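Below are the chains, spelled out letter by letter.
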Amino acid sequence: MSLLHRQLSQVLTVWSWKRRLDVPLYPAIGLHFRTFCTAVSEADPIQIHKNKLFLWFSHLPQEEKQFGGYFSPETMHVDPLILERKAEERAALLSSPLQTRPLASDSVTVEKLFEHTDGWSGGRGLNVLLYGAVGTGKSTVIRKLVLDWCNGATLTQFKLLVPFSCEDLSQLSKVSSLRDLVGRKYLHLRKHPLLSGEGDQAKDVLFLFNGMERMKLDFRIGSSELCSDPNEGLPPNVVVVNLLRKYLLPEASILVTTRLSALDRVPQKYVSRYAQICGFSDPDRQRAYFTSRLLQQSGKSAHNYGAQELIELLYLNLQRESQLAAACFLPSYCWLTCATLHFLHFTDAKAPIRTLTGIYTSFLRMNFGGEVLGSGTATNVPLQEQNSSLMLYVVRTVGKLAFDGVTFKRTSFSEDELEQWIGGKTKTDEELRQLAMFRTDVLDFFLAPCVERSKDLPDSLSENDQCRYVFAVPAMQEYLAALYVVLGENKSALEKMTKQVSVAIGQAGEDVSALFNILSKFIPLRIFAVFNLLKLFPKLYEKISSRNRGSIAKTMASEMFRTEDSYNEDVLDQVEQSLLGVHGPQPKQYCEKQPFELYPIFMGGLLHYGNRTLLQQLGCNIQSTTVVQITKALRKYLVRELSKPQPPEELMDLLVLLYEFQNPRLTAEVLASIRSIRLTNIRMTSLKCFILSSVLSCTPASYRLQEMDLSSCLLTHEILTILCPAFRHTRNLRLCDNPLLDSGVSTLLEALPGNQSLTHLSLMHTGLGDKAALELAERIQQHTGLQELNVAYNNIGDNAALALVDACREHPSIHTVHLYLNSLSDVGKQSLYVRGVPQSNGRKVKVLASVTEGSDISEDWHPILGVIRENAKSWDRQRVKQQLQVFLRDLEWGRQQQQSLWKRLHFRRVEKGVRKTLRMLERDIKPPSSGYNR
């Protein structure tokens, strides 16, 4: 709703543009708009009005640009469910989209609401009141309605549609007539005869008042005088009241949108029809929304294919009647789901910086930007209290509940707990009035009945506590808890008291100092010491506040590196699973202590300047001094934690934290304490690759990693391009067990010349063929510091292997090449062995092609078997068996060539180890670790 308010309030600015409108401003709607405008007569003020309304209402907010381009509202619009309500049931609510499934025939359109019924009295226009909770889609419906009217697709019985923002009207302090109000926004309509009040011309006019809860309408005669003259100046709220009374332009029709709590501000006798907008009540509407959003990419077929898969997984999760389906009952959460999935799956190297914290902050700004917590009809309330930020109220109530849940590792809450945290201790009537509004309009936006409780809770808890509530999406609990902490709402009693005294003394300022100077001449020294003590309170408060921010940093670091968390996946995979569901076997046992790994990451992201700017628009200010103090303490704690070895999942979460923080200096200081990045078995998506490259780009050019291990990360050619900038930072690069293929290796070789410190490169089991091996042979000289090359377990044949080894022999520093488990013949292996013989200059390149070298056992047979044992479970078992059988054949032939009993026994010992590994593979037993890695 707030975005539409801003559009309406700025429409005058747009209309100051040139009158020639045949140049399309938005690529997706340009052709349609040009066709529409060429048929327009510029002399007709109504046609000019349609042109300008269409131009402005086609404009999309900044948040929509993250979906991969510009597209029109028509292509992404899905009609939410709208139900007509009788007057006596106007406050009825749909209990749950999973419990109440209205028939399709029950749904109405806004156009149908303006059809005259049998009870309609001729000569009077209809007053339709469209209401709904936050996030149900009121703003989207109004946007589409205006565009369709401009196109002649709906409400064609009205020649003129005049939209107003009630937020705008509530800001006007001077009196204005109806025609002045219209002319102020729509200059070309100032003298239009439809608004003159003469005859019944106003029957062709539809007024639209969006966000009626922003205005204090009072229908009592003593408070708002009667007026029938469109030219008489009155306060804006009185003008609106007379329009609704049908005393002013009675023939005109009116559409009013409002929140649930403001329903009764318009007396029932002045409302012709009530209609409740109820969001998306079934998975099919939700799927249509996801399809319209996720399939509108930049035309890349790969993206569209991936989007189709995401939509299918989403639909399966919705059909399970999951908690996600309950959340997506609100179109706003459908938007959040699409934005998150687009962030997780469609990030590429050219994408602008977007963060998960930024998505959630933008989501709240779209829904609560400019929203204030109204004070009912009270007139004796100070103005600053009447305009208190609704988002700040959310943080102090729902955020407090979220923080309590995170503290005690709980995701569900009873009704008593909601009453305790949301209701709190209210004392005044005004506080009770605000609480009632909040419960009616906003609480259901964040909290929903738990629909999966029977699967998650133990029987004892399930029976004793039938009604429990959870956050609509799990990550929202962690976001609000993080915001609650970073805003400093969890202050201790001492800190609150100290701040109050500090503020009081600070306001006194120079007067206090002057008073001290005077009193010091007349009062005893010991009493004067008390006054001097009071002067210390500002410094004392600052010291306590600094310690509190240090504890925030300590909490972030400790939460980041929890070893007892039940999840093994990194935090981005957990976010994805919460949206797409978990496929395959799931643990059935109930875990009482829930992990909250996003919580510290959101705290870091909220300190970023861009998010703080958005939060400031919501009335939530995070001071720069707070950011500096938390950042300083956080660096110390992170560096200390990173001195200990971290599992790959925890290390990935750290990279996400640094990325969300968007602080290059902090990132460089933290990474300076890291000498290796091991992300083995992490599913490296395009986003994770982008995060890794982005974080490493903050380091100086001299920064070097001893090792970067990205083995078994599902790296492909497409996402390898995103990682290329990160490869310049490492000496030992391991990309084993990834489906790179020849194209991926070619991409890698394009990036590697930027790294002049590379010493070890492992491309084992990456699908290399002869083409990639020959290209590697051609470019190997570019890396003068390379010492060891591992291309084992690939598809390299004899000729390509010989060419590669010859290139390595010419290289100044390479001493070892791994070529075992390739498509090599016996003759090829023998030739490779000959290539390994020391050259005339005494330099030798060790070629590991088999456990034998000619008729002798290779001195490296043990490392070769060790590598095979380490990876036997993940490799193609049948191919490994075949290679081991080739080893046995080579060993048997070599044993037969030996005359020495000692050497034959040595052959037998190696054969025994190979056969043992074969038996383990056949019995599906994991071979013991040999201590050798890739």
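Being a predicted model, the structure only gives us computed values, none of them experimental.

### Quick word on the overall build of the chain
- When its secondary structure is counted, the chain shows 41 helices and 18 strands.
- When each of the 934 residues of the chain is scored for burial, the buried share is 56%.
- Residue pairs at least 24 apart in sequence account for 79% of intrachain contacts in the chain once pairs closer than 6 positions are excluded.
- Accessible surface, the chain as shown: approximately 41400 Å² in total, 51% of it carbon and sulfur.

### What about the sheet that holds strand 16 (residues 846–848)?
- Reading across the sheet, the seven strands line up as 10-11-12-13-14-15-16 and stay open at both edges, with parallel pairing between neighbours. Two strands close off the open sheet at either side, each with one partner strand: strand 10 (676–678) and strand 16. Strand-to-strand twist in this sheet, taken as the mean axis angle between neighbours without regard to direction, amounts to 5°.
- Judged from the three bridges that link them, strand 14 (residues 788–790) and strand 15 (residues 816–818) form a sheet pairing that is parallel. When the bridges of strand 15 are listed, leucine 789 appears paired with valine 817.

### Focus: the packing of helix 30 (residues 624–641) against helix 32 (residues 664–671)
- At a minimum axis distance of 9 Å, the contact between helix 30 and helix 32 shows a crossing angle of 20°. As far as their axial angle goes, helix 32 and helix 30 are roughly parallel. Once helix 30 is placed against helix 32, the crossing between them reads as right-handed. Along the contact surface, helix 30 presents Thr631, Leu634, Arg635, Leu638 and Val639, while helix 32 presents Leu666, Glu669 and Val670.
- Each residue belonging to the contact of helix 30 with helix 32 can be placed in one class, and the counts come to five nonpolar, one polar and two charged.

### Quick word on the state of the cysteines
- Applying the stated rule across the entire model yields zero disulfides.
- No disulfide involves cysteine 689; its nearest neighbouring cysteine sulfur is the one of cysteine 713, lying 8.1 Å away.

### Some details on the nonpolar core
- One finds Tyr333, Phe446, Met476 and Leu715 to be the most contacted residues of the largest nonpolar core, which totals 170 residues.
- Not counting residues up to four positions away in its chain, the partners in contact with tyrosine 333 are Ala327, Cys328, Phe363, Phe445, Phe446, Ala472, Val473 and Met476.
- The next biggest cluster of nonpolar side chains, apart from the first, holds 72 residues, and it includes Val110, Leu160, Leu195 and Val256.

### Structural notes on the environment of leucine 723
- Along the chain, leucine 723 turns up in helix 34 (residues 717–723).
- Along the backbone, leucine 723 and serine 693 are 30 residues apart, and their C-alpha atoms lie at a distance of 5.7 Å.
- If we skip the residues at most four places from it in the chain, leucine 723 touches Cys689, Leu692, Ser693, Leu710 and Leu715.

### Some details on the packing of helix 15 (residues 356–368) against helix 29 (residues 609–617)
- It is the contact of helix 15 with helix 29, at a shortest axis distance of 10 Å, that shows an interaxial angle of 15°. When the interaxial angle is binned, helix 15 and helix 29 end up roughly parallel. Considering the relative orientation of helix 15 and helix 29, their crossing is left-handed. Where helix 15 approaches helix 29, its residues Thr357, Gly358, Thr361, Ser362 and Arg365 are matched on the opposing element by Asn611, Leu614, Leu615 and Gln617.
- Across the contact of helix 15 with helix 29, the residue classes tally to two nonpolar, six polar and one charged.

### So, the environment of proline 700
- By secondary structure assignment, the location of proline 700 is in the loop between helix 33 (686–696) and strand 11 (707–709).
- What makes proline 700 partly exposed here is its relative accessible area of 46%.
- For the pair proline 700 and histidine 729, spaced 29 residues apart in sequence, the C-alpha separation works out to 9.6 Å.

### Focus: a positive patch on the surface
- On the surface, Lys554, Lys632, Lys636 and Arg640 cluster together into a patch of positive charge.
- At three residues, the largest contribution of residues to the positive patch is made by helix 30.
- Tracing the sequence through the fold places lysine 636 in helix 30.

### Some points on the sheet that holds strand 7 (residues 412–414)
- Strand order across the open sheet formed by three strands is 7-9-8, with antiparallel pairing between neighbours. Among the strands making up the open sheet, the edge pair consists of strand 7 and strand 8 (447–449). Averaged over all pairs of adjacent strands, the angle between their axes in this sheet comes to 40°, without regard to strand direction.
- Of the strand pairs in this sheet, strand 7 and strand 9 (residues 468–471) are connected by three bridges, and their pairing is antiparallel. For serine 414, the partnering residue across the bridge sits in strand 9 and is arginine 468.
- Along the sheet, helix 19 (residues 429–446) contacts strand 8 and strand 9; its crossing angle with strand 8, the most-contacted strand, is approximately 75°.

### Re unusual backbone geometry
- For lysine 409, which is not a glycine, the phi torsion comes out positive at approximately 55°.
- Positive phi, close to 55°, is recorded for serine 712, a residue that is not glycine.
- Here serine 712 lies in the loop between strand 11 and helix 34.

### Looking at helix 29
- Every buried residue of helix 29 is accounted for by Asn611, Arg612, Leu614 and Leu615. Taken down its axis, helix 29 places every buried residue within 160° of arc, on the same side. In helix 29, the exposed positions that point more than 90 degrees away from the buried face belong to Tyr609 and Gln616.
- Tucked into the core, helix 29 has its buried residues touching helix 15, helix 22 (474–486), helix 28 (598–606) and helix 30.

### Things to note about the packing of aromatic side chains
- Evaluated as defined, the whole model comprises 21 aromatic pairs.
- Judged by centre distance (6.2 Å) and plane angle (75°), the ring pair of phenylalanine 164 and tyrosine 186 falls under edge-to-face. Residue phenylalanine 164 is found in strand 3 (residues 160–165), and its partner tyrosine 186 is found in the loop between helix 9 (178–185) and strand 4 (205–210); the two are separated by 22 residues along the sequence.
- Owing to a relative accessible area of 1%, tyrosine 186 belongs among the buried residues under this scheme.
- An angle of 35° between the planes, with centres 5.1 Å apart, marks the rings of tyrosine 333 and phenylalanine 445 as tilted.

### Re a nonpolar patch on the surface
- On the surface, a cluster of nonpolar side chains totalling about 290 Å² of accessible area is made up of Ile221, Leu226 and Tyr247.
- Mapping tyrosine 247 onto the fold places it in the loop between helix 10 (236–245) and strand 5 (253–258).

### Some thoughts on the pattern of salt bridges
- According to the stated counting rule, one finds 26 salt bridges in the structure shown.
- In this structure, aspartate 441 engages arginine 259 in a salt bridge whose closest nitrogen and oxygen atoms are separated by 3.1 Å. With aspartate 441 in helix 19 and arginine 259 in the loop between strand 5 and strand 6 (273–277), this residue pair connects regions lying 182 residues apart in the sequence.
- Arginine 259 sits in the buried class, given a relative accessible area of 6%.
- Its salt-bridge partner being arginine 439, residue glutamate 419 comes within 2.8 Å of it at the nearest N-O pair. Here glutamate 419 is found in helix 18 (residues 415–423), whereas its partner arginine 439 is found in helix 19, with 20 residues between them in sequence.
- Three or more residues joined by partner-sharing salt bridges are found here, namely Asp570, Asp573, Glu576, Arg683 and Lys688.

### Regarding helix 14 (residues 331–345)
- Along its 15 residues, helix 14 runs 21 Å from first to last C-alpha, staying within 8% of the 21 Å computed at 1.5 Å per residue.
- The buried fraction of helix 14 is high, at 14 of 15 residues.

### Some details on the side chain of threonine 361
- Tracing the backbone through its elements, the reader meets threonine 361 in helix 15.
- Within the structure, threonine 361 has its side chain in polar contact with the side chain of tyrosine 479 (distance 2.8 Å).

### A look at the pairing of strand 9
- The alternating pattern of strand 9 places Arg468 and Val470 and Tyr469 and Phe471 on opposite faces, both of which are buried.
- Across three bridges, strand 8 lies against strand 9 in antiparallel orientation. Paired with leucine 447 across the strands is phenylalanine 471, a residue of strand 9.

Reading guide: rules and limits
- Residues numbered from 1 in each chain as written.
- Predicted model: local features only at pLDDT ≥ 70, side-chain atom pairs only at ≥ 80, totals over all residues.
- Heavy atoms only, no water.
- Helix = DSSP H or I, 4+ residues; strand = E, 2+ residues; numbered from the N terminus.
- Buried < 20%, exposed > 50% of the residue type's maximum accessible area, 1.4 Å probe, protein only.
- Contact = heavy atoms within 4.5 Å.
- Areas by Shrake-Rupley, 256 points an atom, 1.4 Å probe, with all protein chains shown as cover.
- Pairing = 2+ DSSP bridges.
- Axes fitted to C-alpha atoms, helices over the stretch in contact; angles between N-to-C directions.
- Parallel < 35°, antiparallel > 145°, perpendicular 65-115°, else oblique.
- Left-handed = near helix turned anticlockwise from the far one by under 90°.
- Nonpolar A, V, L, I, M, F, W, Y, C, P; charged D, E, K, R; others polar.
- Disulfide = S-S within 2.5 Å.
- Core = buried A, V, L, I, M, F, W, Y, C linked by side-chain atoms within 4.5 Å.
- Patch = residues over 30% accessible without salt bridge, like charges linked within 9 Å, V, L, I, M, F, W, Y side chains within 5 Å.
- Salt bridge = Lys/Arg side-chain N within 4 Å of Asp/Glu carboxyl O.
- Lys, Arg positive; Asp, Glu negative; His and termini not counted.
- Charge placed at Lys NZ, Arg CZ, Asp CG, Glu CD.
- Arc of directions from axis to C-beta.
- Phe/Tyr/Trp six-rings, centres within 6.5 Å; stacked < 30°, edge-to-face > 60°.
- Expected span 1.5 Å × (residues − 1).
- Polar contact = N/O pair within 3.5 Å; in protein donor to acceptor, adjacent residues only side chain to side chain.

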